[in-house]
2 protein chains.
Amino acid sequence: MKKIAILGSTGSIGTQALDVVRNLPEEFSVEVLAANSNVELFARQVEEFRPKLAVLADEAAYKILREKNFDGTELAGGRQAFIDAATFDGVEIVLTSMSGFAGLEPTLKAIACGKNIALANKETLVVAGELVTKSARAHGVKILPVDSEHGAFFQCLQGEDSRAIEKLLLTASGGPFRGKKRDDLRNATVNEVLAHPTWNMGRKITVDSASLVNKGLEVIEAKFLYGVTYDQIQVVVHPQSIVHSMVEFRDGSIIAQLASTDMRLPIQYALTYPRRLPSPVKRLDFWQMRALTFEQPDVETFLGLKFAYAAGKTGGTLPCTFNAANEVAVREFLRGRIKFLNIYDVIDNAMSRRPVTQNPSLEDLLAEDSATRRLAEEFIASR
Amino acid sequence: MKKIAILGSTGSIGTQALDVVRNLPEEFSVEVLAANSNVELFARQVEEFRPKLAVLADEAAYKILREKNFDGTELAGGRQAFIDAATFDGVEIVLTSMSGFAGLEPTLKAIACGKNIALANKETLVVAGELVTKSARAHGVKILPVDSEHGAFFQCLQGEDSRAIEKLLLTASGGPFRGKKRDDLRNATVNEVLAHPTWNMGRKITVDSASLVNKGLEVIEAKFLYGVTYDQIQVVVHPQSIVHSMVEFRDGSIIAQLASTDMRLPIQYALTYPRRLPSPVKRLDFWQMRALTFEQPDVETFLGLKFAYAAGKTGGTLPCTFNAANEVAVREFLRGRIKFLNIYDVIDNAMSRRPVTQNPSLEDLLAEDSATRRLAEEFIASR
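A.B. asks: Would you mind showing me how to read the overall build of chain A here?
C.D. replies: Counting secondary structure elements, chain A contains 16 helices and 11 strands. Expected size for 383 residues packed as a compact globule is a radius of gyration near 21 Å; at 20 Å, chain A falls within 12% of this value. Here the C-alpha coordinates of chain A stretch approximately 55 × 55 × 40 Å along the principal axes. Within the span of chain A, comprising 383 residues, buried residues form 63% of the whole. Accessible surface, chain A: about 14500 Å² in total, of which carbon and sulfur atoms supply 47%. Across chain A, the mean location of the 45 positive side-chain charges is 1 Å away from that of the 47 negative side-chain charges.

A.B. asks: Whenever I open this one, the sheet that holds strand β4 (residues 74-77) of chain A confuses me. Can you help?
C.D. replies: Sheets are built from strands paired through backbone hydrogen bonds, the pairs being either parallel or antiparallel. Residues and elements named next belong to chain A. Read from one edge of the open sheet, seven strands run β4-β3-β2-β1-β5-β6-β7, paired in parallel fashion. Across the chains shown, the open sheet's two edge strands, defined by having one partner strand only, are β4 and β7 (143-145). Direction aside, the axes of adjacent strands within the sheet are offset by 20 degrees on average. Pairing between strand β3 (residues 53-56) and β4: four bridges, direction parallel. When the bridges of β4 are listed, Val-55 appears paired with Ala-76. Across the face of the sheet, helix α3 (residues 59-66) comes into contact with β3 and β4 while running at roughly 155 degrees to β4. This element, helix α12 (residues 264-272), spans β1 (2-7), β2 (28-35), β5 (93-96), β6 (116-119) and β7 of the sheet and lies at about 160 degrees to β7.

A.B. asks: What is the right way to read the relation of the copies chain B and chain A from this model?
C.D. replies: For the pair of chain copies, the relating transformation is a rotation about an axis with a translation along it. Note on the copies: chain B fits chain A at an RMSD of 0.0 Å, the axial shift is 0.0 Å, and the rotation between them is 180 degrees. Such a turn and shift between the copies fits a two-fold axis. When C-alpha distances to the rotation axis are compared across chain B, the minimum falls at Gly-159 of chain B, with a value of 1.9 Å. Most of the interface of chain B is mirrored in chain A, where 100% of its interface residues are also at the interface.

A.B. asks: Could you clarify how one ought to interpret the side chain of Ser-241 of chain A in this entry?
C.D. replies: Residues and elements named next belong to chain A. With respect to the helices, strands and loops of the structure, Ser-241 is situated in the loop between β9 (233-237) and β10 (243-249). The class of Ser-241 is buried, set by a relative accessible area of 5%. Leave out the neighbours within four places in its chain, and Ser-241 touches Ser-173, Thr-198, Trp-199, Ala-259 and Thr-261.

How each quantity is defined
Residues numbered from 1 in each chain as written. Chains lettered and ligands numbered in written order. Predicted model: local features only at pLDDT ≥ 70, side-chain atom pairs only at ≥ 80, totals over all residues. Heavy atoms only, no water. Helix = DSSP H or I, 4+ residues; strand = E, 2+ residues; numbered from the N terminus. Rg over C-alpha atoms; globule rule 2.2 N^0.38 Å. Buried < 20%, exposed > 50% of the residue type's maximum accessible area, 1.4 Å probe, protein only. Areas by Shrake-Rupley, 256 points an atom, 1.4 Å probe, with all protein chains shown as cover. Lys, Arg positive; Asp, Glu negative; His and termini not counted. Charge placed at Lys NZ, Arg CZ, Asp CG, Glu CD. Pairing = 2+ DSSP bridges. Axes fitted to C-alpha atoms, helices over the stretch in contact; angles between N-to-C directions. Contact = heavy atoms within 4.5 Å. Least-squares fit on C-alpha atoms with pLDDT ≥ 70 in both.

Taken by themselves, the reported measurements are silent on function.
What follows is the structure, encoded as structure tokens:
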């Protein structure tokens, strides 16, 4: 039995990971569950999986949880307890399925304790790619991608020599606004943004998917996971979301990974790696398959990709700035305080005004994240 | 430098293999060239590559070749010399790019001498799958597929556990007659048959591609190469010939290999395996890619697949019968003596009339091949 910790168990990835565990009960022992504040769902999960440790980061939610009694499960609350949950003794692999920049500290802690990481929190690599990959190498830790695209790269690269990579072809559904121009998007509503055509995901990532910021974050993530240059990463719009990404090798051959749009598949592969175990996910039927199409992304309308390549190529703290500005912008968009296209204005303002520090430490990144958030909030308030 | 022998050097695969060698001059030393009767082209190849041994199977052609003088190259002629060329001392890998049943004996000889096989002669595995795979195991010999489809499976299976295979998805262009019905094919001409939509191949295989017999041969080949059951092999028509085949694993994930339609790619991979080396083949451009489509094969019109599954499932000498009848039928079709749809009649007649011997020896197979050829010729003559 593989001993696992799930950080962010009540989110979209966390609940699907628990479904994977349910389907393979002989394979996993859930040692740690940790979430932010959804106490009702979290209590049911603790009841079902009986982890050794259960943590809620939100103090008020923790107070409610504490009222209940779970035999054999230690309860803890608060941000520090959440970070410490990543280092729980005996855990072999930590699934980092919490959202946003807040995932960085627990991930670094887990790596420093020698735990393998099933990485669903892409912000970790975007913000601190060098820090994280350096630490993973130093501690002999594997980073197993959970994103469907990076899971696809990972699968395509099994048995291959990474020096033979010519190009990573990162596929993108194009989101709900594919084909639209800036004029069409001026009054895009939250509901329109959240109507993702192919994937069922959390709200933050669905907005990022519409703006192509998500694809931009994935470009930076891919760069650090596979050690390629930015010029070796090509984003390809593929509206059917059947091909989850591809690797082109220097002989001109391309290896692709295809599957139905079910996140349980990359989650399971990361957790069972290097084995492939049976899964109930729906099979693709090529006798009934619709046409698979591919096109160039519209980077003039959807600026997320442009910002990401610029931030990634400059490096240092700039990817952190890009990510923090976007997190604030998306939050304010979901609250109805700014319009969809203003997300790009918030990012653009932050990236052009924040100074860049090269080779940032964790402290530098925490400071940059705070500074950018303040700047972004002021920018929004001043408009 | 890898020392190689190319049997069938003047055919479509042989000439493309020499082009691979030309592109990677540091990698290969061509020790042996062997061909049937195209003396003019063969002499040019010997002149350019200066093998240690050069063999023409056809005695009359050999007499012409013998007139010339090639420093450092031993010349030989005749069927037996061709078979013996497969065992030339020091050769590490033998490319079997001769056509048809005649490839079986030299391939078995090469395996018995411990040479790895770059297998382009699929008839070898179709006719004698058990004999060949058993001998390869006994002699610790690798069989590296050169067919684009089987090369695709081979690439998709790198780093994977073959026990995790759920299904092999064998793609087919559908040939020049895709979408046509029996009535449309009654008067199909040789020129129509030879107009393959995506691949540039030899005449025999192009006819087999139109009848789907080629895909049937590939089904049997795949069964022996990857140890799956016939029910685990699904043929998928994919008219664009971009996806060269796919493997579905038991977690529901599919790994596919894609490339432009250039046989130099699978040839090179088989010869350089396990390394991927640079190649000049045209890259796929997904920003300009046309739609990729997939459909069910029409097995009621194109009977090649039905015959192949039936022959394969019965086993024994029946795949040999299937192949021999088809070789005669295609030859007579190309000579204008029978019509396209008669190819199926010739196969059907042979498969229903020849007795089946299980676990055949090489002698059994040679006898079955001769007996089926006689039967097929008589059947054609009597019509």
